[in-house]
Amino acid sequence: MAINKVLVIGAGQMGGGIAQVMATAGLTTYLNDVDISIVNKRIEFIAGLLTKDVAKNKITEEKKSEILTNLIPSDTLNNAADCDLVVEAIVENMKVKESVFGELDKITKPSCILATNTSSLPITEIAAATKRPDKVIGMHFMNPVPVMKLVEVIRGIATTDETYAAIKELSLKLGKSPVEVRDFPGFVSNRVLQMMINEAIYCVYEGIATPEDIDTVMKLGMNHPMGPLQLADFIGLDTILSIMNIMHEGYGDSKYRPCPLLRQYVKAGWVGKKAGKGFYDYK
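Residues numbered from 1 in each chain as written. Predicted model: local features only at pLDDT ≥ 70, side-chain atom pairs only at ≥ 80, totals over all residues. Heavy atoms only, no water.

Peer 1: Could you clarify how one ought to interpret the pairing of strand β5 (residues 113–116) in this entry?
Peer 2: Successive side chains on a regular strand alternate, one facing one side of the sheet and the next facing the other. Of the two faces of β5, both are covered, the one formed by I113 and A115 as well as the one formed by L114 and T116. Of the pairings in the sheet, the one linking strand β4 (residues 85–88) to β5 comprises 4 bridges and is parallel in character. Note on β5: the bridge partner recorded for E88 is T116. The pairing of β5 with strand β6 (residues 136–141) spans 3 bridges and is parallel. The residue of β6 that forms the bridge with L114 is V136. (Buried < 20%, exposed > 50% of the residue type's maximum accessible area, 1.4 Å probe, protein only. Helix = DSSP H or I, 4+ residues; strand = E, 2+ residues; numbered from the N terminus. Pairing = 2+ DSSP bridges.)

Structure (structure tokens):
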């Protein structure tokens, strides 16, 4: 099926990035949030990024204008009525997502695909909130979306081949590299990444090395561009804890147990860069 018009729900960093790549690919793209001022600020931010790309000769002024024309501010889900695809990129909370998908199921046309950018929650469970589980799919982008090439395409238990093929084709159109993943907690990216981060936190907890030295080992010894603890601070330790809890509950295996130090940092409010303090001090 052809996908020409999209609504992206959530004008945060991920939703804004998703909307940007959709608009860049020539799709009419609604960027939606509950507060239109949040949407407008995100579009202004995107415009600033595009201005820098023009200055670096990465795009033309005409292309910048075309992208911004394709971006339409929205503060109502009713704009999804004539869309071919909706991509949800809101808070990692199952009840909130189920509520949104249930509402979208009533608003959108029967052929519309409903996608979620969830990083760890079950696609099958989200799909159960609709009467079209065959058209619900995971479309997990990486941050920052305009730069990172990977998209994990996660099929729920009822997702059809047709739905998967449409999202794979769209991902390629966006200049991304889609990878098909089964619907298991954490998928592939977070199942591997969060385990590495959690183990690095255990190394701090057990006094094996300092955060700086642990990150240095991974950067110089494993050629990682960023150490796991610095990356954890950038992602947000509260987000790390949430994903680890989802995997621990989903698999029922003690190897996914979040490190006690991670829980302690989150309780202290030391959740990383956004709080000014995590494993590093950002104040």
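Okay, back to it.
Peer 1: What's the story with the packing of helix α7 (residues 189–205) against helix α9 (residues 228–235) in this structure? I'm lost.
Peer 2: For any two helices packed against each other, the geometry comes down to the angle between their axes and how far apart the axes lie. Packing of α7 against α9 brings their axes to within 9 Å, and their N-to-C directions diverge by 115°. Our classification of the angle between α7 and α9 gives roughly perpendicular. Between α7 and α9 lies a crossing of left-handed hand. Judged by residue contacts, L193, M196, I197, A200, I201 and V204 of α7 engage P228, L229, L231, A232 and I235 from α9. Partitioned by chemical class, the residues of the contact of α7 with α9 number 11 nonpolar, no polar and no charged. (Axes fitted to C-alpha atoms, helices over the stretch in contact; angles between N-to-C directions. Parallel < 35°, antiparallel > 145°, perpendicular 65-115°, else oblique. Left-handed = near helix turned anticlockwise from the far one by under 90°. Contact = heavy atoms within 4.5 Å. Nonpolar A, V, L, I, M, F, W, Y, C, P; charged D, E, K, R; others polar.)

Peer 1: Any chance you could explain the sheet that holds strand β7 (residues 150–155) here in plain terms?
Peer 2: Strand-to-strand pairing in sheets goes through backbone hydrogen bonds, with the strands running parallel or antiparallel. If you walk across this open sheet you meet the 8 strands as β3-β2-β1-β4-β5-β6-β7-β8, and the pairing is mixed. The open sheet has two free edges, formed respectively by β3 (71–74) and β8 (177–182), since each of these has just one partner strand. Recorded for the sheet is a direction-independent mean angle of 25° between the axes of neighbouring strands.

Peer 1: Explanation requested: the domain arrangement of the protein chain in the structure shown.
Peer 2: By a widespread convention, an interface's size corresponds to the accessible area lost as its parts come together. In terms of domain boundaries, the protein chain breaks down into domain 1 (5–182) and domain 2 (189–273). Using C-alpha coordinates to define each centre, domain 1 is positioned 28 Å away from domain 2. Taken residue by residue, the interface counts 6 residues in domain 1 and 4 residues in domain 2. Between domain 1 and domain 2 lies a buried interface of about 440 Å² when both sides are counted; carbon and sulfur atoms form 53% of it. Looking at the side of domain 1 facing domain 2, the largest losses of area belong to S119, S120 and E152, adding up to 65% of the total buried there. Across the domain 1-domain 2 interface, the total number found is 0 salt bridges. Seen at the junction of domain 1 and domain 2, the total is 2 residue pairs in polar contact (both at pLDDT 80 or more). (Domains from an automatic or database assignment. Buried area = accessible area lost by both parts, 1.4 Å probe. Salt bridge = Lys/Arg side-chain N within 4 Å of Asp/Glu carboxyl O. Polar contact = N/O pair within 3.5 Å; in protein donor to acceptor, adjacent residues only side chain to side chain.)

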